Amino acid sequence: MLAEGYHVIGMDNLITGDLRNIEHLFPSEHFEFHNHDVSKFVHVSGELKYILHFASPASPIDYLKIPIQTLKVGSLGTHNLLGLAMAKKARILVASTSEVYGDPTVHPQTEDYWGNVNPVGPRGVYDEAKRFQEAMTMAYHTYHGLETRIVRIFNTYGPRMRLNDGRVLPAFMGQALRGEDLTVFGDGSQTRSFCYVADLVEGIYRLLLSDCVDPVNIGNPGEITIGQFAEEIIKLTGTDQKVIYKPLPTDDPKQRQPNISKAQAVLGWEPKVERSEGLKITWDYFKSLPKERLYEEAHHRAFNG
Ligand code: UDP
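Treat the numbers as computed from the prediction; the structure is a model and nothing was measured.

Colleague: So what exactly am I meant to see when it comes to the site of the ligand here?
Modeller: Within the structure, the ligand sits among 18 residues, and Thr183, Phe185, Arg192, Asp252 and Arg256 are positioned closest to it. Within the side chain of arginine 256, one N or O atom sits 2.7 Å away from an oxygen atom of the ligand. Those elements that place two or more of their residues in the shell around the ligand are α4 (168–178) and β7 (182–185). Considering only residue class, the shell around the ligand consists of eight nonpolar, four polar and six charged.

And the structure:
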């Protein structure tokens, strides 16, 4: 948005985020940062043209640590930002997720699939908050005529991921850097489809500017088993460590692949970055980090509310 000439306000309570990821933006007079939790009333002075709501933990390990905050930000946080959008006559785009499909019985997942979610399982706090978020956003559109957009984001990766957030890519790359074995959960036959972050951003930007109110999947259809993924990371990093197997977490989806026909038709979008290329860029980033960051605890700030 800065490159497109907008003035940008970033808002985050840093419960899972990291200021080091946006340090390079601070010199810009067109960027300001507000340390705030959007689950509480949000005040912004002046006009707003667009609101992009991405606030939420997004790693299964984080949902287990901060389940209530995860529920609150998807529900109360979304409500606050829809209200802000109404007050500012702004268009709002909300980040939903492939998790609305749960452990899917339809493959690949199309937007008209309603999903298979366990509301009371460990992922329920994220999945149901995001499903509520979609319902609330659609209600503001139909009842108030608010301009709304909903993106369903599939697994995404790239530089600046938190090294110790528990997600599979930073987990494997962190293990390779520390000289530890790679931990595959279950037998590694479950699948995911990984999208490089720059492709995701382009898709989201096109959706924001489009007139498409219904949810749109954005992701890379290149599907791979987690076992194969571990082998790819071993090859890329040149680590001499091996794969070890750990128990599969409860309700871990067995397969996931986006059907992106809608994004192709409506947004003229499809991913461009091959996994081999994106993984190399990401590996170069993790390799460049100071060594002490490899051992940094997942730095959840104490939640002050
Ligand atoms: N996974 C794994 N080892 C790890 C972390 C994750 O095998 O150290 C698996 C996890 O069980 C899941 C997949 O990798 O099947 C993707 O996990 P992630 O947490 O990145 O995202 P999810 O798609 O499950 O939300």
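Colleague: Just to check I follow, could you spell out the packing of α4 against helix α8 (residues 275–288) for this structure?
Modeller: With their axes 11 Å apart at the nearest point, α4 and α8 run at an angle of 50° to one another. By the angle class used here, α4 and α8 are oblique. The crossing of α4 and α8 is right-handed. Taking contact as the criterion, the partners of Leu169, Pro170, Met173, Ala176 and Leu177 in α4 are, on α8, Leu279, Thr282, Trp283, Phe286 and Lys287.

Colleague: Can you help me understand the confidence of the model for the protein in this one?
Modeller: When pLDDT is averaged across the protein, the result is 95; 97% of the residues are at 70 or more. For the protein, the element scoring lowest by mean pLDDT is helix α1 (residues 60–65), at 90; strand β5 (residues 148–153) scores highest, at 99.

Colleague: What is the right way to read the packing of aromatic side chains from this model?
Modeller: Two aromatic rings are characterised by how far apart their centres lie and by the angle between their planes. Tallied over the entire structure, the rule returns nine aromatic pairs. Ring centres of tyrosine 6 and tyrosine 50 lie 5.9 Å apart, and the angle between their planes is 70°; on these two criteria the pair is classed as edge-to-face. Here tyrosine 6, found in the segment before β1 (8–12), pairs with tyrosine 50, found in strand β3 (residues 50–53); they are 44 residues apart in sequence, far enough to count as distant. Owing to a relative accessible area of 24%, tyrosine 6 belongs among the partly exposed residues under this scheme. Looking at tyrosine 50, the relative accessible area reads 18%, which means it is buried. Ring geometry for phenylalanine 26 against phenylalanine 31: centres 6.2 Å apart, planes inclined by 35°, an arrangement best described as tilted. By relative accessible area, which is 39% here, phenylalanine 26 ends up partly exposed. Within the aromatic cluster, the residues linked to one another by ring pairs are Tyr101, Tyr113 and Phe154.

Criteria and thresholds
- Residues numbered from 1 in each chain as written.
- Predicted model: local features only at pLDDT ≥ 70, side-chain atom pairs only at ≥ 80, totals over all residues.
- Heavy atoms only, no water.
- Near = heavy atom within 4 Å.
- Polar contact = N/O pair within 3.5 Å; in protein donor to acceptor, adjacent residues only side chain to side chain.
- Helix = DSSP H or I, 4+ residues; strand = E, 2+ residues; numbered from the N terminus.
- Nonpolar A, V, L, I, M, F, W, Y, C, P; charged D, E, K, R; others polar.
- Axes fitted to C-alpha atoms, helices over the stretch in contact; angles between N-to-C directions.
- Parallel < 35°, antiparallel > 145°, perpendicular 65-115°, else oblique.
- Left-handed = near helix turned anticlockwise from the far one by under 90°.
- Contact = heavy atoms within 4.5 Å.
- pLDDT = per-residue confidence, 0-100.
- Phe/Tyr/Trp six-rings, centres within 6.5 Å; stacked < 30°, edge-to-face > 60°.
- Buried < 20%, exposed > 50% of the residue type's maximum accessible area, 1.4 Å probe, protein only.

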